[in-house]
Amino acid sequence: MSEPTYVLSCDCGHVTMTARGEPKLSLYCHCGSCRALYTNDVLSLTGWSDDNVDVPDESVLFDHKMSDRQMRRFGCPKCGMIMYGRHSPGIPVIPHGVFRKNNGGELPAALAPTLHLFYRERVLDIDDDLPKSEGGEMIGIDG
Ligand SMILES: [Zn+2]
Ligand SMILES: [Zn+2]
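If you're wondering where the values come from, they're calculated on a predicted model, not measured in any experiment.

**Student:** Would you explain the overall build of the protein chain in this entry?
**Tutor:** Counting its secondary structure elements, the protein chain contains two helices and ten strands. Seen in sequence order, the protein chain has helices and strands lined up from the N terminus as β-β-β-α-β-β-β-β-β-β-α-β. Its C-alpha radius of gyration of 15 Å places the protein chain within 12% of the 15 Å reference for a compact globule of 143 residues. A total of 143 residues make up the protein chain; the buried ones form 42% of that total. Considering only intrachain contacts with a sequence separation of at least 6, the fraction spanning at least 24 residues in the protein chain is 52%. With an accessible surface of roughly 7,600 Å², the protein chain has 47% of that area assigned to carbon and sulfur atoms.

See below:
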């Protein structure tokens, strides 16, 4: 059986990356670090093994490291679209929105989120049926 391959381009086409197979996680993160890195109240994301993601050569990306945190975001220096980030626990994190943009506005079904993480840090209450993890315990990271 062949693995799904997701080809992900920025708005202007300068940056293209691919992700293959299954993500390690897909969730909504409410932590303050994701809020700071992406300037979204909630980050809807997939996290991948490095082996499953081919990222572009760093010479075609912008690469910003937050001065006060061990977190970086990467994106297109021409159109400004954020393509992925690296933060705890160090794996490439690709927002759901990057997949939507490259899939006619739909999130591929195989990438559906399974939980809310760091819900105690939220700035937005969510009323849905997904499990809510107050800290990072449900994916094995310390909150
Ligand atoms: Zn671009
Ligand atoms: Zn987070």
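**Student:** Where do I start with the side chain of Thr46 in this structure?
**Tutor:** Topologically, Thr46 is positioned in strand β4 (residues 43–47). Residue Thr46 is classed as buried on the basis of its relative accessible area of 0%. In this structure the side chain of Thr46 is engaged in a polar contact, spanning 2.7 Å, whose partner is the side chain of Trp48. Of note is the side chain of Thr46, whose polar atom sits 2.8 Å from the backbone oxygen of Ile94. Once residues lying within four places of it in the same chain are set aside, the contact partners of Thr46 are Pro23, Leu25, Ser26, Pro92, Val93, Ile94, His96, Phe99 and Leu111.

**Student:** Even after reading the chapter, I still don't get the pairing of strand β7 (residues 72–75), so can you show me in this structure?
**Tutor:** Each regular strand carries side chains that alternate between the two faces of the sheet. As paired strands, strand β6 (residues 62–65) and β7 are joined by four bridges and run antiparallel to one another. Note that in β7 the partner of His64 across the bridge is Arg73. In this antiparallel pair of consecutive strands, β6 and β7, the connection spans six residues. Linking two consecutive strands that pair antiparallel, namely β7 and strand β8 (residues 82–86), is a turn of six residues; a positive phi of about 85 degrees is found at Gly80 within it.

**Student:** What is the right way to look at the coordination of the zinc ion (ligand 1) in this model?
**Tutor:** Four donors placed tetrahedrally about a metal ideally form angles of 109.5 degrees, and six donors placed octahedrally ideally form angles of 90 or 180 degrees. Those donors, Cys10 (SG), Cys12 (SG), Cys76 (SG) and Cys79 (SG), are the protein atoms that reach the zinc ion (ligand 1), and they lie 2.3 to 2.4 Å from it. If you look at the zinc ion (ligand 1), its four donor atoms make angles of 105 to 118 degrees with each other, and the shape they trace is tetrahedral. Every donor residue of the zinc ion (ligand 1) comes from the same chain, spaced as C-x1-C-x63-C-x2-C. Separated by 69 residues along the polypeptide, Cys10 in the loop between β1 (5–9) and β2 (16–20) and Cys79 in the loop between β7 and β8 bring together distant segments of the chain. What makes Cys10 buried here is its relative accessible area of 6%. Its relative accessible area of 31% is what places Cys79 among the partly exposed residues.

Reading guide: rules and limits
- Residues numbered from 1 in each chain as written.
- Chains lettered and ligands numbered in written order.
- Predicted model: local features only at pLDDT ≥ 70, side-chain atom pairs only at ≥ 80, totals over all residues.
- Heavy atoms only, no water.
- Helix = DSSP H or I, 4+ residues; strand = E, 2+ residues; numbered from the N terminus.
- Rg over C-alpha atoms; globule rule 2.2 N^0.38 Å.
- Buried < 20%, exposed > 50% of the residue type's maximum accessible area, 1.4 Å probe, protein only.
- Contact = heavy atoms within 4.5 Å.
- Areas by Shrake-Rupley, 256 points an atom, 1.4 Å probe, with all protein chains shown as cover.
- Polar contact = N/O pair within 3.5 Å; in protein donor to acceptor, adjacent residues only side chain to side chain.
- Pairing = 2+ DSSP bridges.
- Donors = N, O, S within 2.8 Å, 3.2 Å for Na, K, Ca; no water.
- Tetrahedral: all angles 85-135°; square planar, octahedral: opposite > 155°, others 65-115°.

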